[in-house]
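Listed below are the residues making up each chain.
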Amino acid sequence: MSKQLHLNAFLMDVGHHEAAWRLPETDPLAPLNVRHYQDLARTAERGLLDSLFLADSPVLWGGRISRRPAVALEPTILLTALAGVTEHIGLIATASTTYNEPYNLARRFAALDHVSGGRAGWNIVTTAGLDAARNFGLDELPAHRDRYERAAEFVDVSLKLWDSWDDDAVVADKAAAVWGDDGRLHPPAHVGTHFRVAGALDSPRSPQGRPLLVQAGSSENGKGFAARYAEAVFTAQQTLADAQAFYADLKRRAAALGRDPSEVKILPGIVPAIGSTEAEAHALEEELDSLIHPEHARRQLADILKVDPEDLPLDRELPADLPDEDSIEAAKSRYTLVVTLARRERLTVRQLIGRLGGGRGHRTFAGTPEQVADAIEHWFTNGAADGFNIMPPVLPRGLTDFVDHVVPILQRRGLFRTEYTGRTLRDNYGLPRPAPRRLTPV
């Protein structure tokens, strides 16, 4: 079989377009209803997608509830509910290394992996934004480099915890009255810069050994972190050339660290507005853009750029004297992507708001199912992606259209599976079950 695409469904309330909730077809309260997500999960699994992904941040996004549905159900809890109505599709939750502790988080992901039969994944984030820091008693956002240093130690401790039982530690010998072999436990006994963690996890190694590790930062620190730890990378590029450069760079970094580059799956985001005709697809895109509230969007853009909203007149291009990336301590890569997009295409603030409204810097594409499949295949076969993070602009319609109309085209072209051949998330991504690591305590 030829190299196969990997497709992840990134679920966000009622769609990734910020105005999706204003369409007549949309239920603005759906994000509070678990059945909404269960239906989406069943649809994605019907389409044989590799995984589902839920973003998260421990903060009310933007500190306001006026702009779009302000609902963020804790993802590991929500994915546990989705595990019960699916059998094969992976379940990836975002969780912060800045505002959690390794033992509790490793325990939670191990539980999700057990409950789902080996389908858990962790999207590792360091969490940008001062508002989140203030929710945890901090007056300032920890520096970008410091957050990544903490994240590296956090993941190292989590790996020790997930590997703190040998695979054969459970004996279950009723006659001998021995449930488990204490000699097959390996407590982390970790003493580091940020964490001190003594004991073993309170559950055996999970079905896939440990959850799949996912990462989504594209700054220099983010790429270095991904090359060291990530098994799947969610990323955002606007052009084929940028995507090819990112792909080659990250694969090279992984190889330099002694890793097999084929075991690091790179999945750019794409926001496909799908119509039975090209005109219908563009009509949907235009309808959504027309429903963006410009002042809400301008405040959001100002927050990304770290400027005052009044410095962004709607019908002018971005100011020439914006901060450079080195001075940004929040989402560095997203800042650079937005500024580069605006400068390259000479967009006014109003035009930029429209471009960002669909995918916050991810590639947006409007077309027929054939055209969407063509766009996916072109990047996949030209060294820009191992697959895609599918970000429907409207839910549930956008996911249903992708599954019913785009997936069959990719299958006919021999690019995508026609059945699940395994049971775990690692199986879906063609990754081996890792053996326990035996690290020397530090």
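Here the structure is shown first, and the text comes after it.
This is a predicted model, so every value here is computed, not measured. (Residues numbered from 1 in each chain as written. Predicted model: local features only at pLDDT ≥ 70, side-chain atom pairs only at ≥ 80, totals over all residues. Heavy atoms only, no water.)

Along the backbone of the protein there are 14 helices and 13 strands. For the protein, whose C-alpha radius of gyration is 22 Å, the value lies close to the compact-globule estimate of 22 Å for 442 residues. The proportion of buried residues among the 442 residues of the protein is 54%. When contacts within the protein are restricted to residue pairs at least 6 apart in sequence, those whose partners lie at least 24 apart make up 77%. Counting only carbon and sulfur atoms, one obtains 52% of the accessible surface of the protein, whose full area is about 18,700 Å². (Helix = DSSP H or I, 4+ residues; strand = E, 2+ residues; numbered from the N terminus. Rg over C-alpha atoms; globule rule 2.2 N^0.38 Å. Buried < 20%, exposed > 50% of the residue type's maximum accessible area, 1.4 Å probe, protein only. Contact = heavy atoms within 4.5 Å. Areas by Shrake-Rupley, 256 points an atom, 1.4 Å probe, with all protein chains shown as cover.)

To continue, consider unusual backbone geometry. Pro-396 follows Leu-395 through a cis peptide bond whose omega is 10°. For Pro-396, the position within the fold is in the loop between strand E13 (387-390) and helix H13 (397-412). At Asp-13, a position not held by glycine, the phi torsion is positive, near 30°. Relative to the elements of secondary structure, Asp-13 occurs in the loop between strand E1 (6-10) and helix H1 (34-46). On the basis of relative accessibility, which here comes to 7%, the residue Asp-13 falls in the buried class.

Quick look at the environment of Glu-153 now. Its place among the elements puts Glu-153 in helix H5 (residues 144-162). The class for Glu-153 is buried, based on a relative accessible area of 10%. Each C-alpha atom of the pair Glu-153 and Glu-74 lies 24 Å from the other, and the pair is 79 residues apart in sequence. Not counting chain neighbours up to four residues away, the residues in contact with Glu-153 comprise His-190, Gly-192, Thr-193, His-194 and Phe-195. At 3.2 Å, the side chain of Glu-153 forms a polar contact with the backbone nitrogen of Thr-193. (Polar contact = N/O pair within 3.5 Å; in protein donor to acceptor, adjacent residues only side chain to side chain.)

Moving on: the pattern of salt bridges. Two side chains with opposite charge may pair up if their charged atoms get near one another. By the definition in use, this model includes 31 salt bridges. Of the charged contacts, one joins Arg-228 and Asp-156 as a salt bridge, the two residues approaching to 3.0 Å between their closest N and O atoms. You can see Arg-228 sitting in helix H6 (residues 220-229) and its partner Asp-156 sitting in helix H5, a full 72 residues away along the chain. Ionic contacts of the salt-bridge type, sharing partners, join the residues Asp-163, Asp-167, Arg-205, Arg-210 and Arg-433 into one network. (Salt bridge = Lys/Arg side-chain N within 4 Å of Asp/Glu carboxyl O.)

Here we come to the side chain of Thr-126. By the element assignment, Thr-126 lies in the loop between strand E4 (120-125) and helix H4 (130-134). Given the relative accessible area of 9%, Thr-126 is considered buried.

As a further point, take the pairing of strand E2 (residues 51-54). Here E2 shows a buried face lined by Ser-51 and Phe-53 and a second buried face lined by Leu-52 and Leu-54. Each parallel crossover has a hand, and the one from E1 via H1 to E2 is right-handed. The sheet contact formed by E2 and strand E3 (residues 90-96) spans four bridges and is parallel. Within the sheet, the bridge partner assigned to Leu-52 lies in E3 and is Leu-91. (Right-handed = clockwise from strand over helix to strand, strands pointing away. Pairing = 2+ DSSP bridges.)

On to a nonpolar patch on the surface, then. Together, Leu-29, Leu-32 and Leu-73 line one region of the surface with nonpolar side chains, adding up to about 300 Å² of accessible area. By secondary structure assignment, the location of Leu-29 is in the loop between E1 and H1. (Patch = residues over 30% accessible without salt bridge, like charges linked within 9 Å, V, L, I, M, F, W, Y side chains within 5 Å.)

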